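# Tertiary structure, described
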Amino acid sequence: MMNQAVTTITVLILFLATLLFISNRASKSNVATPNDFFLANRGLGTVVMTMTTGASYFSTWTLLGAIGSYYREGVWFAAFAAWAIVHALFIWLFGSRIWYLGRKYDFVTPGDMMEKYFKSPSLRLLFAIVGIIGLVPYMLIQVTGGAFALSSLTDNAIPYWVGILIMGVFVGIIVTLSGGRGSAWSDTFMGFFFGSVLIFITVIFINRSGGFEAFKELESLAPEILVNKGDFWGIIETALGLGFGYWIMPHMWQKFYSAKSPLILAKTSIITPFWNSWLMALGALFIGMLAHTPGLVPGLTVETSDRIIPLFFSTYPPIFGSVIVAAIIAAGISTINSALLSSASLLTTDIYARFINKDISLSRVTFIGKATVLVMTLIIVILSFLPVAQGFLVPVAALGYSIVMQLVPAALGPLYWKKGTLKGAISSIVVGETALAFVYIFGSPLPLGPGTTGILLGTITFFVVSLFTQDKDEEYKKEFHRDLHRLFYPQESKLIKNKNTV
């Protein structure tokens, strides 16, 4: 096993050195401004945008947690892929509007837009706090997943705590040095890398289990995983969390700001479902279900099912397992780097520069942002040692999605519904988060999960309260929407203008 540890460390060093080289080269043109450090100067093209959005969203839970969930839950967890149907639609429906408003008003964070539209610093602060809280469990699973993979594959020759330090320290360094542009280019490399490795692993699993005939044998080996549990609300919870999470999570929202043009987002919306969605979902589905084949995965139990891939390759020549671990690390780093960058921008731009030091220079904001990345890295590393952070990866990730998902109703205001009011927005978040926490802690007599309960009640609250309240500057909000209408419906806007002129 020492040979495995040495090989793994060697491969990891080469892999991390490659990432550092790519990030460093990409960041040569960096300048000390928030736009550049956090958003890659709003200049990402189609390939990089497609890969960085996918790699930032799919993570260790794809190569570990999702596979484990398929093993435990069977075909029911195909809800994991259901959101891909609307994925492309969401990129265009929400991403294009976010891009336009971000470019016009120079927004850096989601809170920037919310304050500008509702004229409320308090709402900006609320968006920042919820965003940061939601990103923490999402970042945790990247670090813990990579550390578990290293530990499992090397039979603890590389212990969990060493894996935590490797993930945390390297990500902190690479994000601090390279910023958004370096992260995006390294995401492109890592996305292709772990996507290709997933295809490779899927092929090996199918071959080792006896080919496609193995799927027929599952009927006698594990019939329970082939039966849809009929958990409709569980599917809704998963699909809503993943679907809305793709655009409302702060690091994903900021990806849309980073695109060079709306045409880039249009192309991304076409490509993404095939490479970043169905590929990841189907590969994980096949591996998780075929893992029930007797003797295929040594030492596999329900408790270790989040580590199926490392366990499977523990009996292979060291180089195989080492490449797999590198892919898992890549999946984790490509997600945590964007989440770290985003959480730092929320703390720096939405809190420090907005409320504590309003006269701070752009270069100073960038410097504080880099320091914040390191502080957030330290916090995540410390939290990774808590038992609560070391549970099944999908439930931990779902908690992060659910927390941020409660921002969706309020975000519909500047993007789509001009009648939404400030009181409606704030109350929807408060009600949504309160309902989520209550159901999460105490349970509910209804079949709804915490996230679904929260967003349902939050949405109702947003619409009802907005209908009975009014903001002071309604005309300013209407201009926001007239602007979007002129952009997305130019012919209709032209007809309206001509009619008014006549």
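Now for a quick tour of the structure. What you see is a predicted model; the values in this text were computed from it and never measured.

### A few points about the overall build of the protein chain
Across its full length, the protein chain holds 22 helices and zero strands. Here the C-alpha atoms of the protein chain give a radius of gyration of 23 Å, agreeing with the 23 Å that 2.2 N^0.38 yields for 502 residues. Counting only C-alpha atoms, the protein chain reaches 75 × 50 × 45 Å along its principal axes. Taken across its 502 residues, the protein chain has 60% of its residues classed as buried. Within the protein chain, contacts between residues at least 6 apart in sequence are counted, and of these 86% link residues at least 24 apart. Roughly 19,900 Å² of accessible area belongs to the protein chain as shown, and the carbon and sulfur atoms make up 69% of that amount.

### A few points about the packing of aromatic side chains
Enumeration over the complete set of coordinates arrives at 25 aromatic pairs. The interplanar angle of 20 degrees and the centroid separation of 5.5 Å between the aromatic rings of Phe90 and Phe244 together place this pair among those described as stacked. Of this pair, Phe90 sits in helix α6 (residues 84-105) while Phe244 sits in helix α11 (residues 232-248), placing them 154 residues apart in sequence. Considered together, Phe90 and Phe244 belong to a single accessibility category, that of buried residues. Seen from their ring centres, Phe189 and Phe193 are 6.1 Å apart, and the 15 degrees between their planes marks the pair as stacked. Of this pair, Phe189 and Phe193 both sit in helix α9 (residues 160-208), four residues apart, roughly one helical turn. Taken together, the ring pairs in this structure connect Phe90, Phe94, Phe244, Trp247, Trp253 and Tyr416 into an aromatic cluster. Seen from the ring of Tyr476, Lys119 lies directly overhead, with NZ or CZ sitting 3.9 Å from the centre.

### Considering the nonpolar core
Ile98, Phe205, Trp247, Val297, Ile308 and Ile333 are the most contacted members of the largest nonpolar core, which has 135 residues in total. Other than its neighbours up to four places away in sequence, Ile308 contacts Ile67, Gly68, Tyr71, Phe205, Ile287, Ala291, Val297 and Leu300.

### Quick notes on empty space enclosed by the protein
Summed over the entire model, instances satisfying the criterion amount to one cavity of 30 Å³ or more. By volume, the largest cavity amounts to about 120 Å³. As for the largest cavity, its lining consists of 15 residues, and the residues nearest its centre are Phe38, His251, Lys255, Ser258 and Leu341. For the lining of the largest cavity, the elements supplying multiple residues, two or more each, are α2 (34-39), α9, α12 (250-258) and α15 (318-356).

### Re the packing of helix α3 (residues 46-57) against α12
Two elements in contact, α3 and α12, have axes separated by 10 Å at closest approach and are oriented at 175 degrees. One finds that α3 runs roughly antiparallel with respect to α12. Contact residues: α3 offers Met49, Thr52, Thr53, Ser56 and Tyr57, while α12 offers His251, Met252, Lys255 and Ser258. Taken together, the residues of the contact of α3 with α12 break down into three nonpolar, five polar and one charged.

### Here we look at a nonpolar patch on the surface
On the surface, Leu20, Trp161, Leu165, Val169, Ile173, Leu177 and Phe385 cluster together into a nonpolar patch covering about 650 Å² of accessible area. By residue number, the principal contributor to the nonpolar patch is α9, which donates five residues. Tracing the backbone shows Leu20 in helix α1 (residues 2-26). Classification of Leu20 by relative accessible area gives partly exposed; the value is 37%.

### Remarks on the environment of Asn24
On the secondary structure map, Asn24 appears in helix α1. Once the C-alpha coordinates of Asn24 and Ala259 are considered, the two residues, 235 residues apart in sequence, prove to be 21 Å apart.

### Quick look at the pattern of salt bridges
Scanning the entire structure with this criterion turns up 14 salt bridges. The partner of Arg42 in a salt bridge is Asp106, and the shortest N-O contact between them spans 3.3 Å. Of this pair, Arg42 sits in the loop between α2 and α3 while Asp106 sits in the loop between α6 and α7 (110-118); the two residues are 64 residues apart in sequence, bridging distant segments of the chain. Classification of Asp106 as partly exposed rests on a relative accessible area of 44%.

### A closer look at unusual backbone geometry
Although it is not a glycine, Arg42 sits at a positive phi angle of roughly 55 degrees. Within the chain, Asp106 stands out as a residue other than glycine whose phi angle is a positive 60 degrees.

About the thresholds
The residue numbering used here restarts from 1 in each chain and proceeds along that chain's sequence as written. Selection of residues for local features in this predicted model requires a pLDDT of at least 70, selection of side-chain atom pairs for listing and counting requires 80 or more, and totals for whole chains, interfaces and linings are taken over all residues. As a rule here, side-chain values cover all heavy atoms of the structure and leave hydrogens and water aside. A run of H or I in DSSP counts as a helix once it spans at least four residues, and a run of E counts as a strand once it spans at least two, with each numbered from the N terminus. All radius of gyration figures rest on C-alpha atoms, and the globule criterion is 2.2 Å times the number of residues raised to 0.38. Only protein chains enter the accessibility calculation, which uses a 1.4 Å probe. A residue is then buried if its area is under 20% of the maximum for its type, exposed if over 50%, and partly exposed in between. Note on definitions: a residue-residue contact is assigned when non-hydrogen atoms from the two residues lie within 4.5 Å. Areas reported as accessible are Shrake-Rupley estimates using a 1.4 Å probe. Residue values count occlusion only from the protein chains shown. Geometry of aromatic contacts follows a simple scheme: Phe, Tyr and Trp rings, the Trp one being its six-membered ring, pair when their centres are within 6.5 Å, and the pair is stacked under 30 degrees between planes, edge-to-face over 60, tilted otherwise. By definition, being over a ring means that NZ of Lys or CZ of Arg is both within 6 Å of the ring centre and within 35 degrees of the ring normal. Residue types Ala, Val, Leu, Ile, Met, Phe, Trp, Tyr and Cys, when buried and joined through side-chain atoms within 4.5 Å, form a set referred to as a nonpolar core. Points on a 1 Å grid over protein atoms alone make up a cavity when a 1.4 Å probe fits among them but cannot get out, and a pocket when they form an open set with protein on both sides within 12 Å along at least five of seven lines; lining residues each have an atom within 4 Å of a point. Grid points are joined across faces, edges and corners, and a volume is the space filled by probe spheres set on the points. Note on geometry: axes are lines fitted to C-alpha atoms, helical ones only across the stretch in contact, with angles between N-to-C directions running from 0 to 180 degrees. Convention used here: angles under 35 degrees read as roughly parallel, angles over 145 as roughly antiparallel, angles from 65 to 115 as roughly perpendicular, and any remaining angle as oblique. Residue polarity follows a fixed list, in which Ala, Val, Leu, Ile, Met, Phe, Trp, Tyr, Cys and Pro are nonpolar, Asp, Glu, Lys and Arg are charged, and the others, Gly among them, are polar. A patch consists of residues exposed above 30% relative accessible area that lack any salt bridge, with like charges linked at up to 9 Å and nonpolar side chains (Val, Leu, Ile, Met, Phe, Trp, Tyr) linked at up to 5 Å. A side-chain nitrogen of Lys or Arg and a carboxyl oxygen of Asp or Glu constitute a salt bridge if their distance falls within 4 Å.

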